[in-house]
Amino acid sequence: GENVEQHPSTLSVQEGDSAVIKCTYSDSASNYFPWYKQELGKRPQLIIDIRSNVGEKKDQRIAVTLNKTAKHFSLHITETQPEDSAVYFCAAGISGYSTLTFGKGTMLLVSP
Amino acid sequence: SAVISQKPSRDICQRGTSLTIQCQVDSQVTMMFWYRQQPGQSLTLIATANQGSEATYESGFVIDKFPISRPNLTFSTLTVSNMSPEDSSIYLCSVGWEGEKLFFGSGTQLSVL
């Protein structure tokens, strides 16, 4: 089955800095890669996703890049703000099936 | 996206008892799933709730321990049976949307004493 590795497990940055979280996946059949943000005590929220026919996708301060050959994808957050502090999960799946394999999560702390 | 309501939001239970968690969606959805999130951990798929047939369980999860019902396209229940402290987790209902997007309910935080 699919295996998703996520690094780092924790990340501390100063407000205004950029943050990068990286994930690798094992199953070459995976073609859908979403990212979720989970604030303390809240449900995971889908923040951005990318399909394997696209190399990069941006939405305001967040972007995701995908290297299908190397089987890795990354989340980039620019101009971080304290409200970006949360646990971020990457995931991999197959388009049309909605079953995802999640990484172990990255706790991002943005200090004012 | 769909609005997903889950209840109870939290419960404290005695070992050996069972708890049934309900998940209600405000629109008909084909795919419904149940996930477990142990304290400080990632999200693990328990099973896919199939409408009108038995749920499909992932490795390590069995029907006797986690029976699931899916009577229609808007509702599902997950029962955690014969609970032990190791079952203390957050249980999350989720629905598939637009083929692959996954949205989560608010979760049920379960503590077993």
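Refer to the structure above for everything that follows.
Presented here is an overview of the structure given in this document. Each chain has its residues counted from 1, running along the sequence as written. Throughout, the order in which chains and ligands are written sets their labels, letters from A for the former and numbers from 1 for the latter. Given that this is a predicted model, residues contribute local features only at a pLDDT of at least 70 and side-chain atom pairs are listed and counted only at 80 or more, while totals for whole chains, interfaces and linings are drawn from all residues. As a convention, hydrogens and water are excluded, and side-chain values are obtained from all of the structure's heavy atoms.

Regarding the sheet that holds strand 7 (residues 62–67) of chain A
All names here are of chain A. For the record, the criterion: Pairing between strands requires that DSSP locate at least two bridges from one strand to the other. Segments assigned H or I by DSSP are reported as helices when at least four residues long, segments assigned E as strands when at least two residues long, and all are numbered from the N terminus. Every axis corresponds to a line fitted to the C-alpha atoms, with the helix fit spanning only the stretch in contact, and the corresponding angles, defined between N-to-C directions, vary from 0 to 180 degrees.
Reading across from one edge, 1-3-8-7-6 is the order of the five strands in this open sheet, with antiparallel pairing throughout. Looking at strand neighbours, the two that pair on one side only are strand 1 (4–7) and strand 6 (56–59), the edges of this open sheet. For this sheet, the mean angle separating the axes of adjacent strands, direction not counted, is 15 degrees. Bridging between strand 3 (residues 19–25) and strand 8 (residues 72–77) involves six bridges; their strand directions are antiparallel.

Observations regarding the state of the cysteines
Residue and element names in this part refer to chain B. The test is simple: In this description, the term disulfide denotes a pair of cysteine sulfurs within 2.5 Å. Each residue's exposure class comes from its accessible area (1.4 Å probe, protein chains only) as a fraction of the maximum for that residue type: buried when under 20%, exposed when over 50%, partly exposed otherwise.
Under the counting rule described, the total for this entry stands at two disulfides over all chains. Each sulfur of the disulfide joining Cys 23 and Cys 93 lies 1.9 Å from the other. What sets the handedness of the Cys 23 and Cys 93 disulfide is the S-S torsion sign, and at about -65 degrees it is left-handed. Here the residue Cys 23 occupies a position in strand 3 (residues 19–25), and Cys 93 occupies one in strand 9 (residues 89–97), the gap between them amounting to 70 residues. Taken as a pair, Cys 23 and Cys 93 share a single burial class, namely buried.

Remarks on the pattern of salt bridges
Basically, it comes down to this: The working definition used for a salt bridge is a side-chain nitrogen of Lys or Arg within 4 Å of a carboxyl oxygen of Asp or Glu.
Under the counting rule described, the total for this entry stands at six salt bridges over all chains. Between Asp 49 of chain A and Lys 101 of chain B there is a salt bridge whose closest N-O contact spans 2.6 Å. Separated into two different chains, Asp 49 of chain A in strand 5 (residues 45–51) and Lys 101 of chain B in strand 10 (residues 101–104) make up a pair that spans both. Taken individually, Asp 49 of chain A and Lys 101 of chain B each receive the classification buried, so the pair is uniform in this respect. Among the charged side chains, a network of salt bridges with common partners joins Lys 37, Glu 39 and Lys 42 of chain A.

Concerning the sheet that holds strand 7 (residues 68–72) of chain B
Residues and elements named next belong to chain B. Ordered by their spatial adjacency, four strands build an open sheet running 1-3-8-7, and the pairing between neighbours is antiparallel. Of all strands in the sheet, those bounded by a partner on one side alone are strand 1 (4–7) and strand 7. Here the average twist between neighbouring strands, direction ignored, is 15 degrees. With four bridges joining them, strand 1 and strand 3 adopt antiparallel strand pairing. Each residue of the ladder has a partner; that of Gln 6, found in strand 3, is Cys 23.

Concerning unusual backbone geometry
Cis geometry marks the peptide bond from His 7 of chain A to Pro 8 of chain A, where omega comes out at -5 degrees. In this fold, Pro 8 of chain A is placed in the loop between strand 1 and strand 2 (10–14). Phi is positive for Lys 71 of chain A, which is not a glycine, with a value near 60 degrees. Here Lys 71 of chain A shows up in the loop between strand 7 and strand 8. In this structure, Asn 82 of chain B is a non-glycine residue whose phi angle is positive, near 45 degrees. Turning to its location among the elements, Asn 82 of chain B is positioned in the loop between strand 8 (75–80) and strand 9.

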